[in-house]
Amino acid sequence: MASISIQSLDITLGNNPVISQLNLEVQEGEFLVLLGPSGCGKSTLLHSIAGLIDVTDGSIAIGGQDVTWADPKDRGIGMVFQSYALYPTMTVEKNMAFGPRISGVPKAEIAKRVERAASMLHLTELLQRKPANLSGGQRQRVAIGRALVREAAVFLFDEPLSNLDAKLRSELRRELKELHASLGATMVYVTHDQVEAMTLASRIAVMRGGKIQQIDAPAVVYGKPANMYVAGFLGSPSMNFIEGRLHTAGQGVRFVTDTVDLDVSAYAFAQAPLDGQAVVLGIRPEDLTAALQPGHHHLQARVRLVEPMGPNQVLWLQAGPQQLGLTTDSALAAPAGTEVYVTLAAHRVSLFNPSTQDRL
């Protein structure tokens, strides 16, 4: 395994700047996920690490060695693509052995590596089949196995599960996580799927417009987003945003709107809040609680729409001009038109500057 160090990276494709002055440090043995929507630069960044795209400026080092202008074969990487990219006329065994064979690795060593990778990926019984006789999940396992037999210092994954159905994605996510735990290898993984990011990553780097918006452990990125973009991108349904003001007169700090009055004194403000300061409060749907009878609640709302989700349901609420999503147990009987009384978990809120959209 090896670390990756990227310094002041610029990448321009044609006349379009895709990545600008990007810095990134990937530690040995970590599973870093690059997360973001299409066009944010995450695949371009991964391909630059692999040597498939030339950089405009900056440097890339793998294991302490500058590889900015090195050929892909000299970077000590194994890569898995979105398309399986298997040789159709070769068996699984020959597909997996192809890289080491052309690199001159002895046959006995290749056989040992293939056997070990096949065992880890449950491919042993499929070694003599050809890709046409495999399912999509099996083909992707072969593609992963082909990267493993290279015994690379770094493994790069470019949206490897996006072509699979939901059940296969779930199974392979689990296998990839177990694989990382057993190998202890450095892995960089690109996806637009936040479930993949949250379940796989040691750290998540959320990207937008060729820049990293936040990089941290999944729980931190989800629970303490650095800005409104990160807050809104993660979570399904996405975070609710409520515009209001802070009142600091008297004891404590309160967030106040026409419909909400919430004590946020325990919030970890980066700077002392000002009385009357305009803010945006963010709160996730699972941090709202609905009741059918009034009590110690923060606002009253009417159910507009119900989305059953098996054991849970999403209630879409109207509270004055504010629309909110709320996740609750499916046992709560609250059809459209029902009046509900909503409590906000004050210790779970995020507060943002409405101008910069940065976390307060």
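Up top you'll find the structure we're talking about.
Definitions and cut-offs
Residues numbered from 1 in each chain as written. Predicted model: local features only at pLDDT ≥ 70, side-chain atom pairs only at ≥ 80, totals over all residues. Heavy atoms only, no water. Pairing = 2+ DSSP bridges. Helix = DSSP H or I, 4+ residues; strand = E, 2+ residues; numbered from the N terminus. Axes fitted to C-alpha atoms, helices over the stretch in contact; angles between N-to-C directions. Parallel < 35°, antiparallel > 145°, perpendicular 65-115°, else oblique. Left-handed = near helix turned anticlockwise from the far one by under 90°. Contact = heavy atoms within 4.5 Å. Nonpolar A, V, L, I, M, F, W, Y, C, P; charged D, E, K, R; others polar. Buried < 20%, exposed > 50% of the residue type's maximum accessible area, 1.4 Å probe, protein only. Expected span 1.5 Å × (residues − 1). Polar contact = N/O pair within 3.5 Å; in protein donor to acceptor, adjacent residues only side chain to side chain.

Engineer: Looking at this structure, I do not really get the sheet that holds strand β6 (residues 77-80). What am I missing?
Structural biologist: Sheets are built from strands paired through backbone hydrogen bonds, the pairs being either parallel or antiparallel. Across the sheet, six strands lie side by side as β6-β7-β8-β3-β9-β10; this open sheet has mixed pairing. A single partner strand is all that each edge strand has here, and the edge strands are β6 and β10 (211-216). Neighbouring strand axes in the sheet, compared pairwise and without regard to direction, differ in orientation by 15 degrees on average. Relative to strand β7 (residues 154-158), β6 runs parallel, the two sharing four bridges. Bridging across to β7, M79 finds its partner in L156.

Engineer: Explain the packing of helix α4 (residues 136-148) against helix α5 (residues 166-183) here, please?
Structural biologist: Helix-helix packing is described using two parameters, namely the angle between the two axes and the distance between the axes. At a minimum axis distance of 11 Å, the contact between α4 and α5 shows a crossing angle of 20 degrees. As the angle between them shows, α4 and α5 are arranged roughly parallel. Relative to α5, the crossing made by α4 is right-handed. For the pair formed by α4 and α5, the contact residues are G137, Q140, R141, I144 and L148 on the first element and L168, E171, L172, E175, L176, L179 and L183 on the second. Across the contact of α4 with α5, the residue classes tally to seven nonpolar, two polar and three charged.

Engineer: Would you mind going over the environment of L34 with me for this structure?
Structural biologist: Locating L34 in the fold gives a position in strand β3 (residues 31-35). Residue L34 is classed as buried on the basis of its relative accessible area, which comes to 0%. A sequence separation of 237 residues divides L34 from Q271, and the C-alpha atoms of the two residues are 30 Å apart. Discounting residues that sit within four places of it in the chain, L34 has contacts with L24, K42, L45, V188, Y189, V190, T191, A205 and M207.

Engineer: Whenever I open this one, the pairing of strand β9 (residues 203-208) confuses me. Can you help?
Structural biologist: Successive residues of a regular strand alternate their side chains across the two faces of the sheet. Strand direction decides the pairing type here: β3 and β9, joined by four bridges, are parallel. Note on β9: the bridge partner recorded for L32 is R203. With five bridges connecting them, β9 and β10 associate as antiparallel partners. Looking at the pairing, M207 lines up with I212 of β10.

Engineer: Before we go on, may I ask you to explain α5 in this structure?
Structural biologist: For an α-helix the count is 3.6 residues per turn, leaving residues at separations of three or four pointing the same way. Given a rise of 1.5 Å per residue, 18 residues ought to cover 26 Å, and the 26 Å separating the end C-alpha atoms of α5 matches this to within 8%. Those residues of α5 that fall on the buried side of the exposure criterion are L172, R173, E175, L176, L179 and H180. Buried residues belonging to α5 abut β3, α3 (107-120), α4, β7, β8 (186-191) and α6 (194-200). The backbone nitrogen of K167 lies 3.2 Å from a side-chain oxygen of the residue at the head of α5, namely D165.

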